[in-house]
Structures are given as structure tokens and as C-alpha cells.
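# Overview (structure and organization)
Below are the chains, spelled out letter by letter.
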Amino acid sequence: MSSRRAIVNTLTALVCLSAITVDICLPAFPAISRSFDVPAGDTHLLVSAYLLSYGLAQIPLGFLSERIGRIKTVYLGVSVFLVGGVISTLSASLEMLLFGRLVQGLGGAVGPVMARAIARDVSSGAELGSLMSVFVTALAVSTLLAPVAGSGLLAFFSWPSVFAVSVFFGIFCLWLVRRYVPETLPPGSSVGFRFTEHAGEFFRHQPAVIGTSMLGLLFMGYIGFLASFSSIAADQFGQPDATIGWWFAVFVGFYLLGANLTRRASGAKHDTRLLDLGSALLVVSVMAFALVRAGMVGELPGLSLGLLCYMFALGMMLGVLSAHVLRGLPQIAGTAAGLMGALQMLAGVVGGTASAFLYRGDAWSTVLILSVSAVLTVALYFCGRRTLSAQAH
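Let me begin by describing the structure that accompanies this report. Keep in mind that this is a model prediction, so the values were computed, not measured.

### Some words on the nonpolar core
Counting residues in each nonpolar core, the largest one holds 125 residues, and the members touching the most others are Ile32, Val47, Trp159, Tyr222, Phe225, Tyr255 and Met317. It is helix H14 (residues 299-327) that provides the largest number of residues to this core, a total of 15 residues. Discounting residues that sit within four places of it in the chain, Tyr255 has contacts with Val136, Leu139, Ala140, Thr143, Met311, Phe312, Leu314, Gly315 and Leu318.

### Section: helix H4 (residues 45-68)
In this model H4 runs 33 Å from its N-terminal to its C-terminal C-alpha over 24 residues, within 8% of the 34 Å that 1.5 Å per residue would give. Of the residues flanking the end of H4, it is Gly69, one or two places downstream, whose phi is positive at about 110 degrees.

### Observations regarding H14
Since there are 3.6 residues in each turn of an α-helix, residues three or four apart along the chain are aligned in direction. A rise of 1.5 Å per residue sets the reference length of H14, with its 29 residues, at 42 Å; its end C-alpha atoms lie 42 Å apart and thus fit the reference within 8%. The largest bend along H14 measures about 30 degrees and falls at Met317. Buried residues dominate H14, accounting for 23 of its 29 residues.

### Overview of the environment of Leu380
Among the structural elements, Leu380 can be located in helix H16 (residues 364-392). Linking Leu380 and Ile332, residues 48 residues apart in sequence, is a C-alpha distance of 25 Å. What Leu380 contacts, discounting residues up to four positions off in sequence, is Ile210, Ser213, Met214 and Leu217.

### Some words on unusual backbone geometry
Of note, the phi angle at Asp37 is positive, near 55 degrees, even though the residue is not glycine. Relative to the helices and strands, Asp37 is located in the loop between helix H2 (29-36) and helix H3 (40-43).

### Here's the deal with the state of the cysteines
All told, the structure shown has 0 disulfides when counted by the stated rule. Lacking any disulfide linkage, Cys25 is separated from the closest cysteine sulfur, that of Cys16, by 16 Å. With a relative accessible area of 0%, Cys25 lands in the buried category.

### Quick notes on the packing of H14 against helix H15 (residues 333-358)
Close contact between H14 and H15 brings their axes to 9 Å; oriented N to C, the two are set at 140 degrees. Considering their axes alone, H14 and H15 lie oblique with respect to each other. Between H14 and H15 lies a crossing whose hand is right-handed. Contact residues: H14 offers Ser322, Val325 and Leu326, while H15 offers Ala333, Ala336, Ala337 and Met340. Class assignment for the residues of the contact of H14 with H15 results in 6 nonpolar, 1 polar and no charged.

### Considerations on the environment of Thr143
By secondary structure assignment, the location of Thr143 is in helix H8 (residues 125-154). For the pair Thr143 and Leu256, spaced 113 residues apart in the sequence, the C-alpha separation amounts to 8.8 Å. Aside from chain neighbours lying at most four places away, what touches Thr143 is Ala19, Asp23, Tyr222, Phe248, Val252 and Tyr255.

### What to know about the packing of aromatic side chains
Two numbers describe a pair of aromatic rings. These are the distance of the centres and the angle of the planes. All told, the structure shown has 11 aromatic pairs when counted by the stated rule. Taking the centre distance of 6.2 Å and the plane angle of 40 degrees together, the rings of Phe169 and Phe172 count as tilted. Of this pair, Phe169 and Phe172 both sit in helix H9 (residues 160-180), 3 residues apart, which is roughly one turn of the helix. Among the aromatic residues, those joined into a ring-pair cluster are Phe169, Phe172, Trp175 and Tyr180. Over the ring of Trp364 we find Arg293; its NZ or CZ atom is 4.7 Å from the centre of that ring.

### A few points about the pattern of salt bridges
Side chains carrying opposite charge are able to pair once their charged atoms draw close together. Under the criterion given, the structure shown has 3 salt bridges. The salt bridge involving Arg70 is made with Asp121; its shortest N-O contact spans 2.8 Å. You can see Arg70 sitting in helix H5 (residues 70-89) and its partner Asp121 sitting in helix H7 (residues 110-122), a full 51 residues away along the chain. A salt bridge links Asp276 to Arg385; the nearest nitrogen and oxygen atoms lie 2.8 Å apart. Of this pair, Asp276 sits in helix H13 (residues 268-293) while Arg385 sits in helix H16; the two residues are 109 residues apart in sequence, bridging distant segments of the chain. Judged by relative accessible area, which is 24%, Asp276 ranks as partly exposed. Each of Glu66, Arg70 and Asp121 takes part in one network of salt bridges that share partners.

### Some details on the environment of Ser142
Position of Ser142 relative to the elements: it lies in helix H8. For the pair Ser142 and Asp23, spaced 119 residues apart in sequence, the C-alpha separation works out to 8.2 Å. Each residue touching Ser142, except ones within four places of it in the same chain, is listed here: Cys16, Ala19, Ile20 and Pro147.

### As for the side chain of Thr10
Counting through the fold element by element, Thr10 comes out in helix H1 (residues 3-23). Given the relative accessible area of 1%, Thr10 is considered buried.

### A closer look at the packing of H1 against H7
Where H1 meets H7, the axes come as close as 7 Å, and the angle between the chain directions of the two elements is 150 degrees. The orientation of H1 relative to H7 falls into the category roughly antiparallel. Considering only the axes of H1 and H7, their crossing is left-handed. Within the contact between the two elements, H1 uses Arg4, Leu11, Leu14 and Val15 and H7 uses Gly111, Pro112, Ala115, Ile118, Ala119 and Val122. Here the residues of the contact of H1 with H7 sort into 8 nonpolar, 1 polar and 1 charged.

Basis of the calculations
- Residues numbered from 1 in each chain as written.
- Predicted model: local features only at pLDDT ≥ 70, side-chain atom pairs only at ≥ 80, totals over all residues.
- Heavy atoms only, no water.
- Core = buried A, V, L, I, M, F, W, Y, C linked by side-chain atoms within 4.5 Å.
- Buried < 20%, exposed > 50% of the residue type's maximum accessible area, 1.4 Å probe, protein only.
- Helix = DSSP H or I, 4+ residues; strand = E, 2+ residues; numbered from the N terminus.
- Contact = heavy atoms within 4.5 Å.
- Expected span 1.5 Å × (residues − 1).
- Bend = angle between axes of the 7 residues up to and from the residue.
- Disulfide = S-S within 2.5 Å.
- Axes fitted to C-alpha atoms, helices over the stretch in contact; angles between N-to-C directions.
- Parallel < 35°, antiparallel > 145°, perpendicular 65-115°, else oblique.
- Left-handed = near helix turned anticlockwise from the far one by under 90°.
- Nonpolar A, V, L, I, M, F, W, Y, C, P; charged D, E, K, R; others polar.
- Phe/Tyr/Trp six-rings, centres within 6.5 Å; stacked < 30°, edge-to-face > 60°.
- Lys NZ or Arg CZ within 6 Å of the ring centre and 35° of its normal.
- Salt bridge = Lys/Arg side-chain N within 4 Å of Asp/Glu carboxyl O.

The values are spatial; any link to function lies outside them.
As C-alpha cells, then:
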């Protein structure tokens, strides 16, 4: 394996660390609810708890990497992640499990932040956009396969097994980083900078602000869907635990198709067209939900169409928007990646928490979250379209 390819593969594994950790446990929510005798909606908080600490930790981890280096930061973060994974696996109550997820999220935040920062250290321009698209495609694949793996584990083992797997994957990521990834922080980059200077530069960069805001809105809808899907499948459609992952994989497959399209068409001349198409699909998604609500389309086909369009748009837009955020900020790549990830994840916390508190045994609270997310994303894009297009070219 070439050195360059080994680095890319390792960064891809880091990006997928938290996605696998969150998604593999989704089919276990009904079993956890029964085990601890708690309402189904309470298990949705397992997603929000992870994403809350995951989002908050990305900013300090990104800035810390500018001071002590990328690799030391990875070692620190993944070590904390492993401690949280062990707590989650051995939990005897929902409260202990939530605490374990909070700890795990603190460390898991290091994966995508350092992967993006290292990618920006070693690439730029169209190559950076291509790397971001590779990461999004890998996220889609892990999101597709992790719930299926979780369902497979539940067919033979009890629910703690899904958390134990995340511990083993974290150890594997540590081994990959130690073996294949050198320190990439440019010499002298950590001298004389304060976080306020980095943050100020980030928020003065209009493409970064617009791209991050759109990412956050899209993620709010996605996490609302992700947190509630298992409960909807079990409560509204009567699906057993062992099949929930397979149904989830169908919808995530369209996320993968969208990400793969972006990877193949990445580049400045295609970015605006991809965002235009993604926005159009979000509009179709909202229209499908509205038609179902009005009784003009059957519930199952209408909801499925809306979800498939949303997921395809999500896959298309994530890589393009991430590249827009980082492209103009090479000198603060770690902090920029941390701020982008933190704001994105905190928006996801809003979606996941709203899902937990609004859930009433059917899909309509999730449809509301997805619709609000789609409408606001499209509105923001058309307000900032000229700015994003100018940077791309």
C-alpha cells in the first residue's frame, strides 16, 4: 500500500469512527427500552447525548491540534473514546449508559476534526474537494452497514455487544494512525495564535459561515430521522429488532448514491450544479410530505419518497459544503474543522432532542423536523448562492 493511500484510508477510518458508533446501536434502542423499562422516546437521547459532547469537544480539539500537533490530539481523543465505550458496554441503567455516551462523544469528536484538518494540511483545491467527497462516501457506507451489523449482533447477542464493537474499532483506528500517519502540522503554525483570533477569522469568512449553517440545518433533519427511525419502524410499522437495520440501510443507500455522485463530479465547475440539484431534491422532499399530510398520497409511498429525496440531497451536499468551509482557511484548518463540526453536531443535538420530546408513536414529529430543516437549508442557499459560487471559481 502506498504511503499516500495508507494515509487516506486511515483518515477515512477516523471520519467513520463516530458514525459507526452512533449507527450500530440504533437497532438496539427497542431492546434497551425493554431492558431498562423506559419509554421508547428516552432511548433517542442516546444519540443526543453522544452528539452533544461530540459537538462541544470539536472546537477545543481542533484548536488543541494547532498547539500540540495533530497526532498527539488523535491519541488523546481516541483514548477518551475508549473509556466511554467501556462504560457504555458495562452500563446497568439508562443514566449510566447516557453518561458513557457523553464520555465517548468527547473523545470521538477527534476523528472527523483531525481527518479534515490533516486533509487540509496535505491537499488543496480540487484535491481537497475530492478528499471531502471520499469522506462523505465512506460515511454513507458506514451508515449503511453499521445498523445492519447491529441487527446481526442482536440476532446472537444482547444489546451491550453493539457498544463493545465500537471499543474494538477505536483500538483499530489508534493502530492505523500510529502505523501510517505522520505529523502534518506545518512548522511554526502553533506560534502566536489565540482561539479568538482563529474564531474571528472563521466567522469573517462568508463561505465558511454559509456552508457551516447549511451543514447544521441538514444535519438537524438527519439526526432527527436517525434517532427516531428504530422507534417508528417498531411502533408504527411493527418491525422486529433484527430487521430494523435492513430497512434503515435502504434509505441510507440513497445517501450513499448522492455522496458517490459528488465524489465523481467534484470540482469547482460542478459544485454549484450539485448544490442546485440538492436544493431541488429538498423541495421535492417537503412536497411529498405535504401531499401525504393532505391525504393526497398514501402514507408509506409518500413518506418513503420524501425520505429518499432528503437522503440523496444530504449525500450530495455534505462534501461540497465541507470543502467550501475549509477551502479558504488553510492557515487555521484545525480550528475551522472544529468549529464546522461543532456547529453541525450541535444542530444535530437539536434534531435528536426534538425527536425525543415530540415523538408520539408515529413518523409525523420526524417529518416536521425534516421539513423545517429542508426549507431553511434551501432558503439559506439561495440567499448565499452567489457567495459560494464565487469562491468555487
